Every structure is written in structure tokens, then in C-alpha cells.
Amino acid sequence: VPPPRANYTVKSWGAKDGLPQSAVITMTQTRDGYLWLGTLNGLVRFDGIRFTVFDEGNTPELGSSRIVHLFEDSRSNLWVGTETAGIKLIKNGRISDVGLGRGSSEGRLLGACEDSGGAVWLYTADGQLCRDRDGRVDVWSHEAQRFSSCRAVFAEKSLLWVGVNWGLFSMGPTAGLDPQELPWQQ
């Protein structure tokens, strides 16, 4: 006897429903229940009924309508990676510039996570691994010849995992690293 089928409803939303374009590059659901979408035509907040679009026209603090990565930390701050305008932080409804990744698409945010100590780790396409801990930002960079098209970062209780084309690395998230070099550089 086949198992009973669950009934699912499938709904598709697009430009006719208020989405600024059909291609969604990134998304996250925040603790307040909103679904946030990153598109190449704006940052979008969806409440389940309506789309609210934030773009360069109505939210110049974003610096770009091309949103490529989203991450919410444990303090309900939303980290927004733009394609060329750098990384923005939305905290208590205000947008600030983190000061990372501006100027080219190679600085765009590819990975973000939070470690057990509350530090937020950001990993960019150009090989910058950044730790924002209590408002202080430390940055480590790879040499240009060690470019990787894969940049992934994940934190667990006692380790930070970093993935690149040539390997997977781990380190203690509170490691006292020199801000100029990562421990796996050659």
C-alpha cells in the first residue's frame, strides 16, 4: 500500500506580484518572520502577502540594487552583500557601510556566519576573511595567485570552517591571528 500523499500548495510569485525581477540570488528568513530576498534589482522584504522593494532609488544607503548575499546574526542584524557597493549592515532599521568589498564584483560577499562568541565572519570573492567582533573588524587576505571561485565559511561551537577550491580548513574562531595572513597561506 503506498503511503498517503501529503497535500501541498505551490504558489509562484513574479514581477506581476511586486517582485522586482524573477531571479532571486539569495534569501533568508529573519527572526521577525520576514523573508528577505536579494535580486539584481533590489533588496526585497516579503511578509507573505506583499513585497517591499529597497533599491538605489528609495534607499540610497544601499549603494547598489544588486544584492548577492544575505545573513542575519543572533542579534537580528541583517548583513547585506551587494555586487559592487560592499557589505552593508542593517541594524535597528538603519543601514551602515561595513567598509568591506567596495569597488568591484571581486569584493562581493560570498559567505557569512556567526561563531559561538558572537563574532560575525564574512568571506569575500577576492579572498578577504573578515571578523566583526563587537564593532572591531579584523581582515585576513589570500595572496592574489591563490584566488578561489569557492568561498564558504561556517562556524560551529569551537571551530571555524573555511572552504576554498584547494581545500577545507579549520581554526579556532578566537585565534590570535596576525591580521595580515591566514594560517593556511603558502
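Before reading further, recall that the structure is shown in the block above.
Read on for a plain summary of the structure. What you see is a predicted model, and the numbers here were worked out from it, not measured in a lab.

Reading the values: rules and limits
- Residues numbered from 1 in each chain as written.
- Predicted model: local features only at pLDDT ≥ 70, side-chain atom pairs only at ≥ 80, totals over all residues.
- Heavy atoms only, no water.
- Helix = DSSP H or I, 4+ residues; strand = E, 2+ residues; numbered from the N terminus.
- Buried < 20%, exposed > 50% of the residue type's maximum accessible area, 1.4 Å probe, protein only.
- Contact = heavy atoms within 4.5 Å.
- Areas by Shrake-Rupley, 256 points an atom, 1.4 Å probe, with all protein chains shown as cover.
- Pairing = 2+ DSSP bridges.
- Axes fitted to C-alpha atoms, helices over the stretch in contact; angles between N-to-C directions.
- Polar contact = N/O pair within 3.5 Å; in protein donor to acceptor, adjacent residues only side chain to side chain.
- Core = buried A, V, L, I, M, F, W, Y, C linked by side-chain atoms within 4.5 Å.

### Examining the overall build of the protein
No. 1: If you tally the helices and strands in the protein, you get 0 helices and 15 strands.
No. 2: Out of the 186 residues belonging to the protein, those deemed buried represent 42%.
No. 3: Here the contacts in the protein between residues at least 6 apart in sequence split such that 36% fall between residues at least 24 apart.
No. 4: When the accessible surface of the protein is split by element, carbon and sulfur atoms take 49% of a total near 10300 Å².

### What to know about unusual backbone geometry
Most peptide bonds take the trans configuration, and most residues that are not glycine carry a negative phi.
No. 1: You will see that Ser-76, though not glycine, has its phi angle at about 65°, which is positive.
No. 2: Relative to the elements of secondary structure, Ser-76 occurs in the loop between strand S5 (67-72) and strand S6 (78-82).
No. 3: The exposure class of Ser-76 is partly exposed, given its relative accessible area of 42%.
No. 4: The phi torsion at Asp-134 lies on the positive side, around 55°, for a residue other than glycine.

### A short note on the sheet that holds strand S2 (residues 35-39)
No. 1: Taken together, 4 strands build an open sheet; the order of strands is S1-S2-S3-S4 and the sheet is antiparallel. Among the strands making up the open sheet, the edge pair consists of strand S1 (26-29) and strand S4 (51-54). When strand polarity is set aside, the average angle formed by the axes of neighbouring strands in this sheet is 20°.

### Details of the sheet that holds strand S8 (residues 94-97)
No. 1: With respect to topology, 4 strands assemble into an open sheet ordered S5-S6-S7-S8, the strand pairing being antiparallel. At either margin of the open sheet sits one strand with a lone partner, and together these are S5 and S8. Between one strand and the next, the sheet's axes are offset by a mean angle of 25°, whatever the strand orientation.
No. 2: Sheet topology note: the S5/S6 ladder contains 5 bridges and is antiparallel.

### Digging into the side chain of Thr-30
No. 1: Mapped onto the secondary structure, Thr-30 falls in the loop between S1 and S2.
No. 2: Here Trp-36 takes part through its side chain, which lies 3.3 Å from a polar atom of the side chain of Thr-30.
No. 3: Excluding its chain neighbours within four sequence positions, the residues that come into contact with Thr-30 are Trp-36, Glu-72 and Leu-78.

### Notes on the nonpolar core
No. 1: Cys-113, Trp-121, Tyr-123, Leu-129, Val-153, Leu-160 and Val-162 are the most contacted members of the largest nonpolar core, which totals 13 residues.
No. 2: At the level of secondary structure, the elements contributing two or more residues to this core comprise strand S10 (120-124), strand S13 (152-155), strand S14 (160-164) and strand S15 (167-171).
No. 3: For this core, the element with the highest residue contribution is S14, accounting for 3 residues.

### Side note on the environment of Pro-20
No. 1: On the secondary structure map, Pro-20 appears in the segment before S1.
No. 2: Pro-20 gets classed as partly exposed once you look at its relative accessible area, which sits at 25%.
No. 3: Separated by 22 residues in sequence, Pro-20 and Gly-42 place their C-alpha atoms 7.0 Å apart.
No. 4: With near-sequence residues (within four places) excluded, Pro-20 lies in contact with Thr-39, Asn-41, Val-44 and Val-53.

### Quick look at the pairing of S15
No. 1: In this sheet, S15 lies alongside S14 in antiparallel orientation, the contact comprising 5 bridges. Looking at S15, one finds that Trp-161 is bridged to Ser-170.

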